[in-house]
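# Structure assessment
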Protein chains: 2
Amino acid sequence: MIDYLALAEKSPSDVRELIRAGEWDQPTSGLSNGHTQANLVILPEKYAYDFLLFCQRNPKPCPLLEVLDTGDPIVKLMADHADIRTDIPKYRIYKNGVMHSEVTDLRPFWREDFVSFLIGCSFSFEQALLENDIPVRQIEEQCNVPMYRTTIPCKSAGVFQGPMVVSMRPMSEEQAIRAIQVTTRYPSVHGAPIHFGNPDKIGIHDLGHPDFGAAVTIREGEIPVFWACGVTPQAAVMASKPELAITHSPGHMFITDQKDTAFSIM
Amino acid sequence: MIDYLALAEKSPSDVRELIRAGEWDQPTSGLSNGHTQANLVILPEKYAYDFLLFCQRNPKPCPLLEVLDTGDPIVKLMADHADIRTDIPKYRIYKNGVMHSEVTDLRPFWREDFVSFLIGCSFSFEQALLENDIPVRQIEEQCNVPMYRTTIPCKSAGVFQGPMVVSMRPMSEEQAIRAIQVTTRYPSVHGAPIHFGNPDKIGIHDLGHPDFGAAVTIREGEIPVFWACGVTPQAAVMASKPELAITHSPGHMFITDQKDTAFSIM
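A brief look at the structure comes next. (Residues numbered from 1 in each chain as written. Chains lettered and ligands numbered in written order. Predicted model: local features only at pLDDT ≥ 70, side-chain atom pairs only at ≥ 80, totals over all residues. Heavy atoms only, no water.)

## Describing the overall build of chain A
Stated precisely, the cut-off is as follows: What counts as a helix is a DSSP run of H or I of at least four residues, what counts as a strand is a run of E of at least two, and both are numbered from the N terminus. Two things to know: the radius of gyration comes from C-alpha atoms, and the globule rule equals 2.2 Å times the number of residues to the power 0.38. Categorising residues by exposure relies on relative accessible area from a 1.4 Å probe, with only protein chains included: less than 20% of the type maximum marks a residue as buried, more than 50% marks it as exposed, and the intermediate range marks it as partly exposed. Contacts are residue-level and defined by heavy atoms, with any inter-residue pair within 4.5 Å sufficient. Note on areas: Shrake-Rupley with a 1.4 Å probe; residue coverage comes only from the protein chains shown.
Scanning chain A from N- to C-terminus turns up seven helices and 13 strands. At 17 Å, chain A has a C-alpha radius of gyration in line with the 18 Å of a compact globule built from 266 residues. By principal-axis analysis of the C-alpha atoms, chain A measures approximately 50 × 40 × 35 Å. Split into buried and exposed, the 266 residues of chain A put 61% on the buried side. Within chain A, contacts between residues separated by at least 24 positions form 77% of all contacts whose residues are at least 6 apart in sequence. For chain A, the accessible surface area stands at approximately 10300 Å², while carbon and sulfur atoms represent 50% of it.

What follows is the structure, encoded as structure tokens:
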């Protein structure tokens, strides 16, 4: 069994190598601490324009970090020598909007018409939160971050539409104020929260049962704070039903070589 | 003759109405002060994916504000009741990368396969510069902002490649420090400068002869400060030679209903 905390100190390429070798298939929050993590969406080329436009129209949940050329599984900007088919712990294959299977290696499924989209992830600002003494509960509890479908609609683009998905971190009001300041600096990895305090207002009625990921403890005196989440494209895939789509498994991200600080604008 | 300074106080819809009526065909810097202005690129649908990807890969010069649906000339997000074919003072039609004509009304040229891209413009942070007592020389001198081709290559995407174009504003070193702080807050309208002080280093050898727009006075004790510019797509069109492309005429922008402050992240 690999020690979760030891992986926090390892380089992105070392962690990707473990993942590629099949030795880590768990969530990646807290791994290669200080390095940006990314969501993945793979679509056949015929959906690529609509999806690119969907991301452009919904930059808060879908901040694009890199789009690979058609048929090319090799990451160019965000990492050196990374293969998008093997370097993520777990993938989900969706057929007609329904999850068909979860796999750890995409090579048997790869097609020449696949376009891969890497989308910013809120894990990228968690190191900055920790440095500001703001708790990141799912790291403390070593589980996946809780994610919820909201009733906030995304702007549609071609065939793609769907609700915004959010990640949630509990904290005190004072910590929330500081968290808003800190995450504002990271507009390309979801930036400032989109809501806090009143989950019903955005259509979340039971914090104990997230739609993706795991529930975390909300302590007395804490409020839930919600950030737009890169799982939003998966909700769009489920709502829009393209015949084929592949994503990372929620919480199981692509770890880039980029430092989180590179995405801070000040 | 319409008074230039009076237009600074007019609403975006009032100024667009004057433009639509053919009563204003001059540069728009300083008009409807405090409202965001946008660059325009129109391409046939077959180029739309490559161009959208070009913008995604070059967010500093090409920050996308809105992409209209194919064939639709009506702006949806950035303005109410604006027609992209009539509401810009002057357009340039490029054929195979060469400027073919300059027109003030696109309606005779419109096609059902046209996709229109609105791209952020540095005019959007000029009000914030003025409020910080930073000079905006082309407003003082009532001329078009000077723009230069650099030797900084953009990241290519499909058929599109080309050099980054920059706009230039002269100021003191102290003002440049403040200008960096102020414009950092506006990442979706080019954000912080990309260079200052040494134009040769980015391939600009004669500030007196800009590639687009007009030269402005550089006073003693001032240095040139360069921002990535939304005319970059025009340079990409000239370098990449799609059979047809339409843009705004440099400096003659689309004036949106959005307040500049809406694009400030803090």
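## A short note on the packing of helix α3 (residues 48-57) of chain A against helix α3 (residues 48-57) of chain B
Put simply, the test is: Helix axes use the C-alpha atoms of the stretch in contact, all axes being lines fitted to C-alpha atoms, and the angles between their N-to-C directions lie in the range 0 to 180 degrees. Helix crossings get a hand from a simple test, with the near helix turned counterclockwise from the far one by less than a right angle marking a left-handed crossing and a clockwise turn marking a right-handed one. Residues are sorted three ways: Asp, Glu, Lys and Arg are charged, Ala, Val, Leu, Ile, Met, Phe, Trp, Tyr, Cys and Pro are nonpolar, and all the rest, Gly among them, are polar.
At a closest axis distance of 10 Å, the pairing of α3 of chain A and α3 of chain B adopts a crossing angle of 35°. The handedness of the crossing between α3 of chain A and α3 of chain B comes out as left-handed. Along its contact with α3 of chain A, which presents A48, Y49, L52, L53 and Q56 of chain A, the element α3 of chain B presents A48, Y49, L52, L53 and Q56 of chain B. Split into classes, the residues belonging to the contact of α3 of chain A with α3 of chain B amount to eight nonpolar, two polar and no charged.

## Section: the sheet that holds strand β9 (residues 223-228) of chain B
One key point about sheets: their strands pair by backbone hydrogen bonds, in either a parallel or an antiparallel sense. Residues and elements named next belong to chain B. Inclusion rule: In short, DSSP must find at least two bridges between two strands for them to pair.
The sheet built from four strands is open, its strands ordered β6-β7-β9-β8 with antiparallel pairing. What marks the edges here is a single partner per strand, and that holds for β6 (147-153) and β8 (195-196). The pairing of β6 with strand β7 (residues 163-171) spans four bridges and is classified as antiparallel. For P153, the partnering residue across the bridge sits in β7 and is P163. Lying over the sheet, helix α6 (residues 173-184) contacts β7, β8 and β9, oriented at roughly 15° with respect to β9. Each of β6 and β7 touches helix α7 (residues 232-240); the most contacted strand, β7, lies at about 145° to it.

## Remarks on the side chain of H190 of chain B
Residues and elements named next belong to chain B. To keep things clear, this is the line we draw: Here a polar contact is recorded for every N or O atom pair within 3.5 Å, except that within protein the pair must consist of a potential hydrogen donor and a potential acceptor, and residues adjacent in sequence are included only if both atoms are side-chain atoms.
By the secondary structure assignment, H190 is in the loop between α6 and β8. The class of H190 is buried, set by a relative accessible area of 1%. At 2.8 Å, the side chain of H190 forms a polar contact with the backbone oxygen of K60. A polar atom in the side chain of H190 sits 3.3 Å from the backbone oxygen of A228.

## What about the interface of chain B and chain A?
How big an interface is tends to be stated in terms of the accessible area lost upon association of its parts. Here is the rule we go by: Buried area counts how much accessible surface, traced with a 1.4 Å probe, disappears from two parts once they are put together, with both parts' losses summed. The working definition used for a salt bridge is a side-chain nitrogen of Lys or Arg within 4 Å of a carboxyl oxygen of Asp or Glu.
Between chain B and chain A, the contact holds 20 residues from the first and 20 residues from the second. With both sides pooled, the region where chain B packs onto chain A buries about 1700 Å², and carbon together with sulfur makes up 68% of that total. Among the residues of chain B in contact with chain A, Y49, L52 and Q56 of chain B are the three that bury the most area, contributing 32% of the side total. Residue D69 of chain A is joined to R57 of chain B by a salt bridge in which the shortest nitrogen-to-oxygen separation is 3.1 Å. In this assembly, chain B and chain A are joined by six residue pairs in polar contact (both at pLDDT 80 or more). A class-by-class count of the residues in the side of chain B that touches chain A yields 14 nonpolar, two polar and four charged.

## Topic: the pattern of salt bridges
Once the charged atoms of two side chains with opposite charge are near each other, the side chains can pair. Residue and element names in this part refer to chain A. For the coordinates displayed, the defined rule picks out 30 salt bridges over all chains. Taking the shortest distance from any N to any O, the salt bridge between E126 and R169 comes out at 2.9 Å. Linking E126 in helix α4 (residues 126-131) with R169 in strand β9 (residues 163-171), this pair joins segments that are 43 residues apart in sequence. Classification of E126 as buried rests on a relative accessible area of 2%. Relative accessible area serves as the criterion here: at 0%, R169 is assigned to the buried category. Among the ionic pairs, E140 bridges to R219, the shortest N-O distance being 3.2 Å. A residue pair is termed long-range when its members are at least 10 positions apart, and E140 in helix α5 (residues 137-140) and R219 in the loop between β10 (195-196) and β11 (223-228) qualify at 79 residues.

## Brief notes about α7 of chain B
Helical geometry note: an α-helix holds 3.6 residues per turn, so side chains three or four residues apart project in the same direction. Of all the nine residues making up α7 of chain B, seven are buried; the element is thus mostly covered by neighbouring parts of the structure. K241 of chain B sits one or two residues past α7 of chain B and shows a positive phi near 55°.

## Description of the packing of aromatic side chains
Residue and element names in this part refer to chain A. Going by this rule: Each pair of aromatic rings taken from Phe, Tyr and Trp, with Trp reduced to its six-membered ring, is defined by centres within 6.5 Å and is described as stacked if the planes are under 30 degrees apart, edge-to-face if over 60, and tilted in the remaining cases. Geometrically, a charge over a ring is one whose NZ (Lys) or CZ (Arg) sits within 6 Å of the ring centre while staying within 35 degrees of the ring normal.
In this structure the tally under the stated criterion is 16 aromatic pairs over all chains. Each ring, one from W110 and one from F114, has its centre 5.3 Å from the other, and the planes form 90°; the classification is edge-to-face. Accessibility assignment for this pair places W110 and F114 in one class, buried. Counting every residue linked through ring pairs, the aromatic cluster contains Y47, F51, F54, F117 and F160. We note R85 situated over the ring of W110; from NZ or CZ to the ring centre the distance is 5.8 Å.

## Focus: the pairing of strand β5 (residues 91-95) of chain A
In summary, the side chains of a regular strand alternate between the two faces of the sheet. All names here are of chain A. Of all five residues making up β5, four are buried, and the element is well covered by its neighbours. Sheet analysis places β5 next to strand β6 (residues 98-103), joined by five bridges and oriented antiparallel. By the bridge assignment for β6, Y91 is matched with V103. The antiparallel hairpin formed by β5 and β6 contains two residues in its connecting segment, where N96 sits at a positive phi of about 50°. Bridge count between β5 and strand β12 (residues 245-248): four bridges; the pairing is antiparallel. In the sheet register, R92 faces β12, and the bridge partner there is T247.

## Notes on the relation of the copies chain B and chain A
Let me state the cut-off plainly: Alignment of copies: least-squares fit on C-alpha atoms of residues with pLDDT of at least 70 in both copies.
For the pair chain B and chain A, the relating rotation is 180°, the translation along its axis is 0.0 Å, and the fit reaches an RMSD of 0.0 Å. The operation mapping one copy onto its partner corresponds to a two-fold rotation axis. When C-alpha positions in chain B are compared against the rotation axis, the closest is assigned to Y49 of chain B, at 2.7 Å. A shared binding surface is used by both copies, with 100% of the interface residues of chain B retained as interface residues in chain A.

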